[in-house]
Amino acid sequence: MSFAQPPAGPQDAGTVPVRVQVIDMEPFALDLVVPTYLSAGDLTQRVARDAGLGAYWEDGTRRMFWLRARGRVLQDNERLDDLGIVPYELLHLLPQPPQGTGVEERPPEYPQTKGYGVAGNLIVVGSLVMMGIWTTGWALALTVSQEVWVGMLPALGLALLCTSFARHLLGGQGSNWKIPVLALFVFFPQLGLAGIPAVVFSGVAIQALLLALVTGLVIGLFGVLLGWLAWYGAVEKLPERVAAQVKADEAAAVYNCGICGLEVTPDVRMDCKFGCGQVFHSGCFMARQSVYQGTGCAVCGYQPPAA
């Protein structure tokens, strides 16, 4: 499906056309032109409104939405400008599942974010043992062959193990820059240890071993970066729906009536029951609906399907 190409002009400054994939009970996609200067917390509400998703539950509490871009969930204070978003990029809108449906996000099988070191002692010890076994096997392989591929493949696997170990040891956010630093700090000594048996016990010339180890060093740097980007991605659980934050957002939100245009206070607020996303004064809506001759909404014009 192609995007509509609006004419360029001053009014397009600070906006970008994107495709939004809505992950809901009935998934769908839509093409939108969105502002890049809004925070993700505000942008999700605007996108949800344009997508025709209800912004409030029946009990009056706000429905939460999250925006996923480039493989991770954006924080409420992040902006598309911060990501350097490009035209026609794919974004995902994640609405809070309907209440009472039993639909929940399945927790990923990744270490919990606890905010302190050694999130899982057994996993950390297991990672150390696994890295030792892997390095021993690599050292034995180098005593037999010093081909480039013997330096490449084991180095990549060891780098990924080092990154996983660092993530479990630190127990913090996957985006923590200390993870790749610690992974490299652990990787370099093991790279040297892997070459020692080939020189000491097999009499392999250092010149013959050097090519495999240098190749392993380059691939190891790439492996640490690859492993960190995997942790940096969308592996964190979606933010919890905090009641206090929801109330604060509702108190700070200002809505204008879709009929008279004046500010709507919570005590006289009424949402369109047909899902157009507009907010009204209850009196304005009832007055408009009372003189409406149709069977749908007097404001948005929505008509329910015939029975």
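To be clear, the structure that these remarks concern was listed above.
Reference entry: report on the structure contained in this document. What you see is a predicted model, and the numbers here were worked out from it, not measured in a lab. (Residues numbered from 1 in each chain as written. Predicted model: local features only at pLDDT ≥ 70, side-chain atom pairs only at ≥ 80, totals over all residues. Heavy atoms only, no water.)

Strand order in the open sheet formed by 5 strands is 2-1-5-3-4, and the pairing between neighbours is mixed. Two strands lie at the open edges of the sheet, namely strand 2 (28-35) and strand 4 (72-73), each paired on one side alone. With 2 bridges connecting them, strand 3 (residues 65-69) and strand 4 associate as antiparallel partners. Across the sheet, Ala69 pairs through a bridge with Arg72, a residue of strand 4. This element, helix 1 (residues 40-50), spans strand 1 (15-22), strand 2, strand 3 and strand 5 (89-95) of the sheet and lies at about 130° to strand 2. (Pairing = 2+ DSSP bridges. Helix = DSSP H or I, 4+ residues; strand = E, 2+ residues; numbered from the N terminus. Contact = heavy atoms within 4.5 Å. Axes fitted to C-alpha atoms, helices over the stretch in contact; angles between N-to-C directions.)

Turning our eyes to something else, we now look at the environment of Cys162. Within the element layout of this structure, Cys162 appears in helix 4 (residues 148-170). Judged by its relative accessible area of 0%, Cys162 is buried. For the pair Cys162 and Met130, spaced 32 residues apart in sequence, the C-alpha to C-alpha distance is 9.8 Å. (Buried < 20%, exposed > 50% of the residue type's maximum accessible area, 1.4 Å probe, protein only.)

A separate point is the packing of helix 3 (residues 121-144) against helix 4. In contact at an axis separation of 10 Å, helix 3 and helix 4 are set at 165° when each is read in the N-to-C sense. When the axes of helix 3 and helix 4 are compared, the pair comes out roughly antiparallel. Where helix 3 crosses over helix 4, the two elements pack in a sense that is left-handed. Taken together, the residues of helix 4 that come into contact with helix 3 (itself represented by Ile123, Val124, Ser127, Leu128, Met130, Met131, Trp134, Thr135, Trp138, Ala141 and Leu142) are Val150, Gly151, Pro154, Ala155, Gly157, Leu158, Leu161, Cys162, Phe165, His168 and Leu169. Looking at the contact of helix 3 with helix 4, its residues break down into 17 nonpolar, 5 polar and no charged. (Parallel < 35°, antiparallel > 145°, perpendicular 65-115°, else oblique. Left-handed = near helix turned anticlockwise from the far one by under 90°. Nonpolar A, V, L, I, M, F, W, Y, C, P; charged D, E, K, R; others polar.)

What follows is about the nonpolar core. With 26 residues, the main nonpolar core has Trp138, Leu142, Cys162 and Phe187 as its most contacted residues. Those elements that provide at least two residues to this core are helix 3, helix 4, helix 5 (178-200) and helix 6 (206-232). For this core, the element with the highest residue contribution is helix 5, accounting for 8 residues. Among all residues touching Cys162, those that are not within four sequence positions of it are Met131, Ala183, Val186, Phe187 and Gln190. Within the second largest apolar cluster, 23 residues are counted, among which are Leu38, Ala40, Ala51 and Leu83. (Core = buried A, V, L, I, M, F, W, Y, C linked by side-chain atoms within 4.5 Å.)

Honestly, that's just the spatial picture; any functional story needs more than this.
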